[in-house]
Amino acid sequence: MPGRTAVLKWGALLSLLLFILLLGGCRRQEESQNDAEEILVGFAQIGSESGWRIGNTRDMEEAAVRNGVRLMMEDANQKQENEIRALRSFIAYNVDVITFVPIVEDGWTNVLQEAKQAGIPVILSDRLVSEDVDPDLYSAYIGADFTQEGRNAGTFLLKKAEEMEGETLGIVELTGTKDSSPAIQREIGFHEVIDGNARFVMLDQMSGDFLRSKGRECMEQLIERYGDQIDILYSHNDAMTYGAIEAMEAVGIVPGRDIVIISVDGEQEAIDLLREGKINCVVECTPMLGDLVFDIAKRLAAGETVPKMTSPKEAVFTEYDDLSDLPPRGY
Ligand code: GYE
């Protein structure tokens, strides 16, 4: 018969063993939970055409860290083929989720089908693909309601026109990248509000590709062609607006007074110009989409269903508003 001390010894040893085993089990569980949290997201960005875009890239990088997501980012340098190549590399790498900014609306069906076949969910970030693309080929869109932004621009113009002189008012429009969803929809929303009003005369429309340099070039040409027939400039983004202001000032036109200026984005520089009276209205479009994108990415990786369309609430800043309390824009 084993003695009482021997029984106690074996008992203690067994409990210790059990404790070690349990501890190991917990550790393993913790590790696998961490692994499950740390998803890998492939992100194809279109480039750095504007301050807005640079702000968007920075926000995506910072939000990835905040959300505990591993980010694999590729810069497509304004070329759709580079973007498609990046998406294919994410598929080959077998990332958990893909997100990308469709530079234009068309030409994505093949690569989206490849992602679907590989079982990788795709989030459209910032820009949309064409309505002709089967919506089952992507899981979600996170970005602005560009048509509403266009309407916001038009609504400001209706109010502003009440205090403007002249039987008719000549409008020029600087559009963004041809065939991109913000350019298409900002145009539609604006015209939805102002077309049919006989006082507004559309003089011309030119694409400045969302670039400051092209905004300047286009405005130079428009001034040459239409001179003082131009009463209003509607510009699809702030970067092109800065270029257009340069072109106006170079020939002695006072921006914001001789030509009423409506711009979209809401960069700090545009808000400063609004305060100076050189811009009359800035329609907000926020580039801070990262937290929304990664929240949806994590839910998709966990197999949850997510809302198909998410658009942040956006403001309009005008010369009629008191902007003294407006916090720094951060982009
Ligand atoms: O307005 C412009 C940028 O896609 C909403 O792209 C975005 C647009 C933004 O370059 O400044």
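Please refer to the structure higher up on the page.
Residues numbered from 1 in each chain as written. Predicted model: local features only at pLDDT ≥ 70, side-chain atom pairs only at ≥ 80, totals over all residues. Heavy atoms only, no water.

**Description of the site of the ligand**
If you check the shell around the ligand, you find 13 residues, and the closest are Glu49, Arg127, Arg186, Asn237 and Asp265. In this structure, Arg186 approaches the ligand through a side-chain N or O atom, which is 2.9 Å from an oxygen atom. Separating an oxygen atom of the ligand from a side-chain N or O atom of Asn237 is a distance of 2.9 Å. Looking at the shell around the ligand, the elements with two or more residues in it are helix H2 (51-66) and helix H6 (181-194). Of the residues assigned to the shell around the ligand, the class counts are five nonpolar, two polar and six charged. Taken domain by domain, the shell around the ligand gets at least three of its residues from each of domain 1 (36-144 + 287-313) and domain 2 (146-285). (Near = heavy atom within 4 Å. Polar contact = N/O pair within 3.5 Å; in protein donor to acceptor, adjacent residues only side chain to side chain. Helix = DSSP H or I, 4+ residues; strand = E, 2+ residues; numbered from the N terminus. Nonpolar A, V, L, I, M, F, W, Y, C, P; charged D, E, K, R; others polar. Domains from an automatic or database assignment.)

**Some points on the pairing of strand S2 (residues 70-75)**
As judged from the six bridges shared by strand S1 (residues 40-45) and S2, these two strands associate in the parallel manner. When the bridges of S2 are listed, Gln45 appears paired with Asp75. (Pairing = 2+ DSSP bridges.)

**Some words on the sheet that holds strand S10 (residues 281-284)**
Read across the open sheet, the six strands follow the order S7-S6-S8-S9-S10-S12; overall the sheet is mixed. Looking at strand neighbours, the two that pair on one side only are strand S7 (200-207) and strand S12 (316-318), the edges of this open sheet. Strand-to-strand twist in this sheet, taken as the mean axis angle between neighbours without regard to direction, amounts to 15°. Note that S10 and S12 share three bridges and pair antiparallel. Each residue of the ladder has a partner; that of Val282, found in S12, is Phe317. Each of strand S6 (169-175), S7, strand S8 (230-235), strand S9 (260-265), S10 and S12 is contacted by helix H5 (residues 146-161), which is oriented at about 160° to S9, the strand it contacts most. Where helix H7 (residues 212-226) meets the sheet, its contacts fall on S6, S7 and S8, and the angle it forms with S7 comes to roughly 140°. (Axes fitted to C-alpha atoms, helices over the stretch in contact; angles between N-to-C directions. Contact = heavy atoms within 4.5 Å.)

**Observations concerning the pattern of salt bridges**
Counted by the stated rule, this structure contains 26 salt bridges. The partner of Glu38 in a salt bridge is Arg70, with the nearest N and O atoms 3.8 Å apart. Of the two residues, Glu38 sits in the loop between helix H1 (4-37) and S1 while Arg70 sits in strand S2, which places them 32 residues apart along the sequence. Residue Glu38 is classed as partly exposed on the basis of its relative accessible area of 39%. (Salt bridge = Lys/Arg side-chain N within 4 Å of Asp/Glu carboxyl O. Buried < 20%, exposed > 50% of the residue type's maximum accessible area, 1.4 Å probe, protein only.)

**A short note on the pairing of S9**
Regular strands have side chains that alternate between both faces of the sheet. Along S9, six of the six residues are buried, which leaves the element largely enclosed by surrounding structure. Burial of the side chains of S9 extends over both faces: Val260, Ile262 and Val264 are buried on one face and Ile261, Ser263 and Asp265 on the other. As judged from the four bridges shared by S8 and S9, these two strands associate in the parallel manner. When the bridges of S9 are listed, Tyr234 appears paired with Ile262. Taking the sense of rotation as the criterion, the β-α-β connection linking S8, helix H8 (residues 238-250) and S9 turns out right-handed. (Right-handed = clockwise from strand over helix to strand, strands pointing away.)

**Notes on H8**
Taking 1.5 Å of rise per residue, 13 residues should cover 18 Å, and H8 covers 18 Å from first to last C-alpha, within 8% of that figure. Within H8, 10 of the 13 residues are buried, which leaves it mostly tucked inside the rest of the structure. Those residues of H8 lying buried are Asp238, Ala239, Met240, Thr241, Tyr242, Gly243, Ala244, Ile245, Ala247 and Met248. Where H8 is buried, its residues touch S6, H7, S8, S9, helix H9 (268-276) and S10. Downstream of H8 by a residue or two, Gly252 has a phi angle that is positive, lying close to 80°. (Expected span 1.5 Å × (residues − 1).)

**Examining the side chain of Glu314**
Its location among the elements puts Glu314 in the loop between strand S11 (309-310) and S12. Nearest to the buried, unbridged Glu314 among oppositely charged side chains is Arg186, at 6.7 Å. If near-sequence neighbours (up to four positions away) are discounted, Glu314 is found in contact with Ala144, Glu149, Glu284, Cys285 and Thr286. (Lys, Arg positive; Asp, Glu negative; His and termini not counted.)

**Topic: the packing of H7 against H8**
Interhelical geometry of H7 versus H8 gives an angle of 40° and a closest axis separation of 7 Å. Classified by the angle between their axes, H7 and H8 sit oblique to one another. Every pair of crossing elements has a handedness; the one defined by H7 and H8 is right-handed. From H7, Arg212, Gly215, Arg216, Met219, Glu220 and Ile223 reach across to H8, where they touch Ala239, Met240, Tyr242, Gly243, Ala244, Glu246, Ala247, Met248 and Ala250. Per-class residue counts for the contact of H7 with H8 are nine nonpolar, two polar and four charged. (Parallel < 35°, antiparallel > 145°, perpendicular 65-115°, else oblique. Left-handed = near helix turned anticlockwise from the far one by under 90°.)

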